[in-house]
Amino acid sequence: MSIPSRVQLFATCLGDLICPDAVADAETLLRDSGFDVEFPGGQVCCGQPAFNAGHHGAARRVARTFAASFSRAAPVVVPSGSCATMLTRYLPELLGCEPFDVWELSAFLDRHDARVAASNAGRTLAYHDSCHLLRELGVSEQPRRLLERSGATLRPLERPDLCCGFGGTFSVRQPEVSVAMADDKLASAGDAEALVTADPGCLLQLRGRRERRGEGPRVVHLATALARGVA
Amino acid sequence: MTDLAQPERRFREVARGALERQGTQAALAAATGRLREARLSAWADLPDAEALREQAHEVRMRAIDDLDRYLDEFEHAAVAAGATVHRAATAAEARELVVGICRDAGAQLVAKSKSMATEEIALNDGLEQAGIRAVETDLGEYILQLAGEHPVHIIAPAIEKTASQVAELLRGVDGIDVRPELEDLTATARRQLRQVFLDADVGVTGVNFGIAETGSICLVTNEGNGRLVSSLPRVHVALMGIERVVPRLEDLPVLLKLLARSGTGQRLTTYTTLITGPRRPGETDGPEQLHIVLLDNGRSGLRRGRYREMLACIRCGACLNVCPVYRRAGGGAYGPVYSGPMGAVLAPLLVGLERAPALPHASSLCGACTDSCPVKIPLHELLLDLRRDLVSEGVASRAERLGFWLWSWAWSSPRGYRASTGLARLGQRFGRLAGPGRAWSAGRELPRLAPRRFRDRR
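Note that the coordinates shown come from a computational prediction; the quantities given were computed from them, not determined experimentally.

(A) Up close: the overall build of chain A. Helix and strand counts for chain A stand at 12 helices and eight strands. Over its C-alpha trace chain A gives a radius of gyration of 17 Å, about what one expects of a compact globule, namely 17 Å for 231 residues. Along the first, second and third principal axes, the C-alpha set of chain A runs to 45 × 40 × 25 Å. Among the 231 residues that make up chain A, the fraction classed as buried is 64%. In the form shown here, chain A has an accessible surface area of approximately 7,800 Å², with 47% of it arising from carbon and sulfur atoms. Here chain A contributes 25 positive and 27 negative side-chain charges, whose respective centroids are spaced 3 Å apart.

Right under this line is the structure:
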């Protein structure tokens, strides 16, 4: 297997706007593992918010920005399970185009035996599977393996199969149920020092709920947890 | 009158009520958790579960792809075995048919076994209007009938009731106290129902599967009431959704195997009954007449299109038990009949999207339902398709369509994206005042836009 030296980083809209530090951490991890990281300047969003709400016309209009900015000659690395799902499972059909070589960050790092510093030595963390990453892309072992390699002890969640309640527009169409689902997730982390997730959507949801309640584990993006530790 | 239609706002209102009732929340979490655990351990001892799922899917789709032929075959064989077969195009037609059969039989008392199809056609209301007393004999359904409520789970209808609530309802029947313990509760219900089985003129059941080859109907129960109801009364009426047909007897075992494991975690249910025609000359038991009512009610319209896979559903309830939304919202939010992910897909398909517009959105699309489905229905993808139809058929609100149009117009170029997100930063402290920001911030802090976008740092 030849190791690709060049990768394209897709920040995702939430990454770019809400958690740019996590995207920067993803870039650091990729560089530290020896990859040249390109950031295609024309990128915007994969169109998922509209697609999942049924607005395919709107989704198509936005998704075209992705197809216009990224190349099929190098892997695209995405620090988001749900955007990676949108790009691999739905975007080619939506646009009628050839697929791109898309990788979710942890799957890519694990595949290429990325260098991970012992940034979480002695810490107990919990990992929350984002639904799309787990079920659509089948990525569950990789992020856990990386966290363990960063020195963390993983505390299994009571019901790792349960969604955090984000679900895009679901979070505002059914806000009460959505919040109750976030409570379930936060409570299930028990005494873990932080709840780590590989999806900015889950991050927004769980962090927003934790801030409102003023209690519960801190919620940290996987890229940050790996690059700098959860502290 | 039960109706699958659900006004837009109803899901949220009913769910909010369920969230406020601590007893309901505890019962939901415990019961769905228990059923899920049972299913997982029952599946764990299948050597090649995935192959069985494929096989079950194949059996169901084979029947649906050739439904007209298999229904004719079923009808022919059932009639040859002595049954009378009726076809009902709508719920109202089916209700009139069944009420008519009961009236013709001179029935005063009808004993019912659990059947979601009879809920779908609101049979109890129809019988009551005709002056005929109908009694539910499935324990859960009996409890709900006493409470005047509808099922909230397709296999465990009274899942949200606590033992003390049940004890109270049973005491209301004859004034005799009963301890809120499982054994006492079932013993009491059994005592109260015994005379109903003996006195009923007509027994009404659903049908789990109809076998085209033999004209037999298959009933799957755990309490034995299905067998009593279908054999003691003079007349047996079986209401069967047209999609429940399976081509051959040899197709049945894989479905039975997966249905029991997926529903309750049993290897087989306690009773699996195959009924071929009514009592024959020389036989000592069974009903004098067997009427099979084939219910369409929107099903045949689904055979050819994108949603045909939904007709494969065997009503096991597995998708309800894994659904994190059902677990919190409860079954009532989905409407009076079908609930959980299968209900969110099926109800809008049967009554029309405009009459159940909230259901396709009553899901976080986590996909746990699809993973759990023993016949491999891609439930969350069907929800996604229904959402697309909501938009293309003009059911989605103008405000929602305008919102996404404006958003996509702005985000169709990097320049528009920069400009719109720059504006959003200026206006973000007003985000909580209206619309989605307000709904979000009722229980969560709104995310703050970072001072500098990632792209601006480079």
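From this point on, the discussion continues.
(B) Geometry of the environment of V245 of chain B. Residues and elements named next belong to chain B. Mapped onto the elements of the fold, V245 is located in strand 8 (residues 245-246). For V245, a relative accessible area of 0% gives the class buried. Here the alpha-carbon distance between V245 and A410, two residues 165 residues apart in the chain, equals 51 Å.

(C) Summary view of the interface of chain A and chain B. Counting residues at the interface gives 64 residues for chain A and 59 residues for chain B. Carbon and sulfur atoms supply 59% of the area that chain A and chain B bury against each other, a total of about 5,500 Å² over both sides. Area buried by chain A at its contact with chain B is led by L17, H55 and R212 of chain A, which between them contribute 12% of it. With a shortest N-O distance of 2.7 Å, D184 of chain A and R328 of chain B are connected by a salt bridge. Across the chain A-chain B interface, the total number found is 32 residue pairs in polar contact (both at pLDDT 80 or more). For the side of chain A that touches chain B, the element with the most residues is helix 10 (residues 175-188) of chain A, which contributes eight residues. When its residues are assigned to classes, the side of chain A that touches chain B shows 31 nonpolar, 17 polar and 16 charged.

(D) Fine view of the nonpolar core. In terms of nonpolar packing, the biggest core is built from 112 residues, with F11, M310 and W411 of chain B touching the most fellow members. Considering every element that reaches this core, the biggest residue donor is helix 15 (residues 340-351) of chain B, with eight residues. Membership of the second largest hydrophobic core comes to 35 residues, among which are A26, A114, L154 and A225 of chain A.

(E) Representation of the domain arrangement of chain A within the structure. All names here are of chain A. Assigned domains of chain A: these are domain 1 (6-110) and domain 2 (117-228). A combined buried area of about 2,000 Å² lies between domain 1 and domain 2, and 64% of that area is made up of carbon and sulfur atoms. When the area that domain 1 buries against domain 2 is broken down by residue, the three leading residues are D25, S106 and D110, summing to 24%. Applying the counting rule to domain 1 against domain 2 returns three salt bridges. The salt bridge involving R228 is made with D25; its shortest N-O contact spans 2.7 Å. On inspection of domain 1 and its partner domain 2, the count reaches eight residue pairs in polar contact (both at pLDDT 80 or more). Mapped by element, the contributors of at least two residues to the side of domain 1 that touches domain 2 are helix 2 (20-32), helix 3 (48-52), helix 5 (81-95) and helix 6 (105-111). When residues in the side of domain 1 that touches domain 2 are grouped by element, the largest group, seven residues, is from helix 5. Class assignment of the residues belonging to the side of domain 1 that touches domain 2 gives a composition of 13 nonpolar, nine polar and five charged.

(F) Spatial organisation of the packing of aromatic side chains. Within this structure, the stated rule accounts for 15 aromatic pairs over all chains. Relative to F454 of chain B, the ring of F39 of chain A lies with its centre 5.2 Å away and its plane at 65°, an arrangement referred to as edge-to-face. Here F454 of chain B lies in the segment after helix 20 (435-441) and F39 of chain A lies in the loop between strand 2 (36-38) and helix 3, a pairing that spans two chains. The exposure classification of F39 of chain A matches that of F454 of chain B, with both residues buried.

(G) Looking closely at the sheet that holds strand 9 (residues 271-275) of chain B. Residue and element names in this part refer to chain B. The mixed open sheet is built from four strands, whose spatial order is 8-5-6-9. The strands lining the two open edges of the sheet, one partner per strand, are strand 8 and strand 9. Across two bridges, strand 5 (residues 209-211) lies against strand 8 in parallel orientation. Bridge assignment links I211 to a residue of strand 8, and that residue is V246.

(H) Quick look at helix 2 (residues 22-44) of chain B. Residues and elements named next belong to chain B. Taking 1.5 Å per residue, 23 residues should reach 33 Å; helix 2 reaches 33 Å between its end C-alpha atoms and fits that length. Among all positions in helix 2, only T24, Q25, A27, L28, A31, T32, G33, L35, R36, R39, A42 and W43 are buried. In the core, the buried residues of helix 2 are packed alongside helix 1 (10-20), helix 3 (49-65), helix 12 (252-263), helix 13 (318-322), helix 14 (324-329) and helix 16 (368-372).

(I) Region of the structure containing a nonpolar patch on the surface. Residues and elements named next belong to chain B. Residues L402, W405, L406 and W409 make up a contiguous nonpolar surface patch of roughly 470 Å² in combined accessible area. Looking at the element boundaries, W405 is found in helix 18 (residues 398-410). Judged by its relative accessible area of 43%, W405 falls in the partly exposed class.

(J) Spatial organisation of the packing of helix 10 of chain A against helix 1 of chain B. For the pair helix 10 of chain A and helix 1 of chain B, interaxial distance at closest approach is 9 Å and the crossing angle is 40°. By the angle between their directions, the pair helix 10 of chain A and helix 1 of chain B is classed as oblique. Contacts between helix 10 of chain A and helix 1 of chain B involve P175, E176, V177 and A180 of chain A on the former and, on the latter, R12, A15, R16 and L19 of chain B. A breakdown of the residues in the contact of helix 10 of chain A with helix 1 of chain B according to their chemical character gives five nonpolar, no polar and three charged.

About the thresholds
- Residues numbered from 1 in each chain as written.
- Chains lettered and ligands numbered in written order.
- Predicted model: local features only at pLDDT ≥ 70, side-chain atom pairs only at ≥ 80, totals over all residues.
- Heavy atoms only, no water.
- Helix = DSSP H or I, 4+ residues; strand = E, 2+ residues; numbered from the N terminus.
- Rg over C-alpha atoms; globule rule 2.2 N^0.38 Å.
- Buried < 20%, exposed > 50% of the residue type's maximum accessible area, 1.4 Å probe, protein only.
- Areas by Shrake-Rupley, 256 points an atom, 1.4 Å probe, with all protein chains shown as cover.
- Lys, Arg positive; Asp, Glu negative; His and termini not counted.
- Charge placed at Lys NZ, Arg CZ, Asp CG, Glu CD.
- Contact = heavy atoms within 4.5 Å.
- Buried area = accessible area lost by both parts, 1.4 Å probe.
- Salt bridge = Lys/Arg side-chain N within 4 Å of Asp/Glu carboxyl O.
- Polar contact = N/O pair within 3.5 Å; in protein donor to acceptor, adjacent residues only side chain to side chain.
- Nonpolar A, V, L, I, M, F, W, Y, C, P; charged D, E, K, R; others polar.
- Core = buried A, V, L, I, M, F, W, Y, C linked by side-chain atoms within 4.5 Å.
- Domains from an automatic or database assignment.
- Phe/Tyr/Trp six-rings, centres within 6.5 Å; stacked < 30°, edge-to-face > 60°.
- Pairing = 2+ DSSP bridges.
- Expected span 1.5 Å × (residues − 1).
- Patch = residues over 30% accessible without salt bridge, like charges linked within 9 Å, V, L, I, M, F, W, Y side chains within 5 Å.
- Axes fitted to C-alpha atoms, helices over the stretch in contact; angles between N-to-C directions.
- Parallel < 35°, antiparallel > 145°, perpendicular 65-115°, else oblique.

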